[in-house]
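So you can see what is in the structure, the chains are spelled out below.
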Amino acid sequence: MSFPYPPDDLMIRIGVSPEHFTTREAREGFFADIGRTIHQCIREAVPYNEDQAILDFGCGSGRVLRWFASEPELRLVGCDLHLRSITWMQENFPSSIRLYANEQAPPLPEADNTFDLIYCGSVFSHLTDWAPWLLELRRILKPGGVLVASIHGKGFWNNGLHGIRGILWDEDHTGMLVERYGDSFDDSWGPAVYVSEWWVREHWGRALDIERFEPTGFGLPGDSTTGQAWLVARKPETAPALTPADLEAPSPDVRETHAALRGRQLAYEEIEHVTRHLLAEISGLRNECGNLNSQLGESQKEKQALDEKVVDLTRRVATVENSKSWNLTRPLRLIAQRVRGA
């Protein structure tokens, strides 16, 4: 079964950039290769069985789901926050595949114990409020069902803000670390969330049995040394009742404290870096506005667009600044609560 390729704006949303893939043919080829390789990773971990119920959580425009659709006798469901991606898929994929746009917070419109397999690529790598969603996916997995998820780890670090700044990956002192905390999913990819393997096994392992963790190589054709980390986790036959707070609570492991302290330091450095960059851009735009004002006959529309960009950048500076006092110190507050309760 073959499907059309999505328009360029939907490909760009999942990282297929026209700057790197300058022809439509190249973009379609990369889109297909990534989807095929992710499908192979998943099938290596969870072999095909007839009548499997499978959810693609964060399906985008179907780069992976199209490969599952070629397998017979499966019950396929896909959901994503991005309504335009879902609308395009509904117009181009068979009606036998149930597709819908989900909300930013749980629940999903699914019954308990529904799916044999849930996979999510590049979802938890952007979720700061991860625990409610992990518990929601556990709820709708069948007992013994499997979650395959990709996350940002050491293989993706050098693509991020701190890695580009020359800061090295530190497995013991990363834990869960967030870059671009204030970014919105509306105008970007949202925050970037990096996690250490030990942290995943400690916190995710409270809800699911972590059977496999690969630190690099998810969905990269011919390259297993970089890219996202990925894991295979199974829902226990008897799953205890848990709350998001149960998953987030710090363990006695001293790495929790070290990671929280390092995370706070890097967050302040990020705020300073981003603020300097935005203020410099604002200054440049204001100079442009001044030049336009001094030139008779210049386009009022162009000046208005620059004014609006200044307002938007000023808003982003405020968002970054406001995030540091409360959100970025949350891991330390949780650790302090544990210490006081000891």
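Residues numbered from 1 in each chain as written. Predicted model: local features only at pLDDT ≥ 70, side-chain atom pairs only at ≥ 80, totals over all residues. Heavy atoms only, no water.

(A) Expanded view of the overall build of the protein. A count of helical and extended segments in the protein gives eleven helices and nine strands. Along the three orthogonal principal directions, the C-alpha set of the protein runs to about 70 × 60 × 35 Å. Within the span of the protein, comprising 342 residues, buried residues form 45% of the whole. Of the contacts made within the protein by residues no fewer than 6 positions apart, 68% connect residues no fewer than 24 positions apart. Accessible area of the protein: about 16900 Å², with a carbon and sulfur share of 51%. Computed over 36 positive and 49 negative side-chain charges, the separation of the two mean positions in the protein equals 3 Å. (Helix = DSSP H or I, 4+ residues; strand = E, 2+ residues; numbered from the N terminus. Buried < 20%, exposed > 50% of the residue type's maximum accessible area, 1.4 Å probe, protein only. Contact = heavy atoms within 4.5 Å. Areas by Shrake-Rupley, 256 points an atom, 1.4 Å probe, with all protein chains shown as cover. Lys, Arg positive; Asp, Glu negative; His and termini not counted. Charge placed at Lys NZ, Arg CZ, Asp CG, Glu CD.)

(B) Examining the pairing of strand 5 (residues 141–151) more closely. Judged by how many residues are buried, strand 5 sits mostly within the fold: nine of eleven residues are covered. The sheet contact formed by strand 4 (residues 115–120) and strand 5 spans five bridges and is parallel. Bridged to F115 within strand 5 is L141. Following the chain from strand 4 across helix 5 (residues 130–140) to the adjacent parallel strand 5, one finds a crossover that is right-handed. Looking at chain direction, strand 5 and strand 9 (residues 228–234) are connected through six bridges and run antiparallel. Pairing of V148 across the sheet is with V232, part of strand 9. (Pairing = 2+ DSSP bridges. Right-handed = clockwise from strand over helix to strand, strands pointing away.)

(C) Spotlight on the nonpolar core. Core analysis: the biggest nonpolar cluster contains 40 residues, and F57, F124, L147 and W204 have the highest contact counts within it. Looking at this core element by element, the count peaks at seven residues for helix 5. For F124, the contacting residues outside a window of four places in its chain are W130, W133, L134, L137, A149, S150, I151, V193 and W204. With 28 residues, the next largest nonpolar core counts F3, I54, F68 and F93 among its residues. (Core = buried A, V, L, I, M, F, W, Y, C linked by side-chain atoms within 4.5 Å.)

(D) Focus on the sheet that holds strand 1 (residues 53–57). Pairing in this open sheet of seven strands is mixed, and the strands run 3-2-1-4-5-9-8 from one edge to the other. Either end of the sheet is taken by a strand with one partner, and the two such strands are strand 3 (98–101) and strand 8 (209–218). Sheet twist, expressed as the mean angle between neighbouring strand axes with direction ignored, is 15 degrees. Bridge count between strand 1 and strand 4: three bridges; the pairing is parallel. Bridge pairing links I54 to L117 in strand 4. Its contacts with the sheet put helix 2 (residues 24–45) on strand 1, strand 4, strand 5, strand 8 and strand 9, and the angle it makes with strand 8 is roughly 155 degrees. Helix 4 (residues 83–92) rests against strand 2 (75–80) and strand 3 of the sheet, and its axis sits at about 160 degrees to strand 3. (Axes fitted to C-alpha atoms, helices over the stretch in contact; angles between N-to-C directions.)

(E) The arrangement of the environment of R98 in detail. In this structure, R98 sits in strand 3. The spatial distance from the C-alpha of R98 to the C-alpha of V77 is 4.7 Å, given a sequence separation of 21 residues. With near-sequence residues (within four places) excluded, R98 lies in contact with L76, V77, G78, P109 and E110.

(F) Main features of the pattern of salt bridges. Overall, the coordinates contain 21 salt bridges when judged by the stated rule. Its salt-bridge partner being R13, residue D80 comes within 3.2 Å of it at the nearest N-O pair. On the criterion of sequence distance, the pair formed by D80 in strand 2 and R13 in helix 1 (residues 8–13) is long-range, its members being 67 residues apart. Residue class for R13 comes out partly exposed when judged on its relative accessible area of 30%. Its salt-bridge partner being R139, residue E136 comes within 2.7 Å of it at the nearest N-O pair. With E136 and R139 both in helix 5 and three residues apart, the pair spans about one turn of that helix. Judged by its relative accessible area of 6%, E136 falls in the buried class. Residue classification places R139 among the partly exposed positions, given a relative accessible area of 25%. (Salt bridge = Lys/Arg side-chain N within 4 Å of Asp/Glu carboxyl O.)

(G) Structural context of the packing of aromatic side chains. By the definition in use, this model includes twelve aromatic pairs. For the pair Y5 and F31, a centre-to-centre distance of 6.0 Å together with 85 degrees between the ring planes defines the contact as edge-to-face. Placement of the pair is Y5 in the segment before helix 1 and F31 in helix 2, with a sequence separation of 26 residues. For F31, a relative accessible area of 1% gives the class buried. Seen from their ring centres, F21 and F30 are 4.4 Å apart, and the 25 degrees between their planes marks the pair as stacked. Ring pairing ties together the aromatic residues F124, W130, W199 and W204, which thus form one cluster. (Phe/Tyr/Trp six-rings, centres within 6.5 Å; stacked < 30°, edge-to-face > 60°.)

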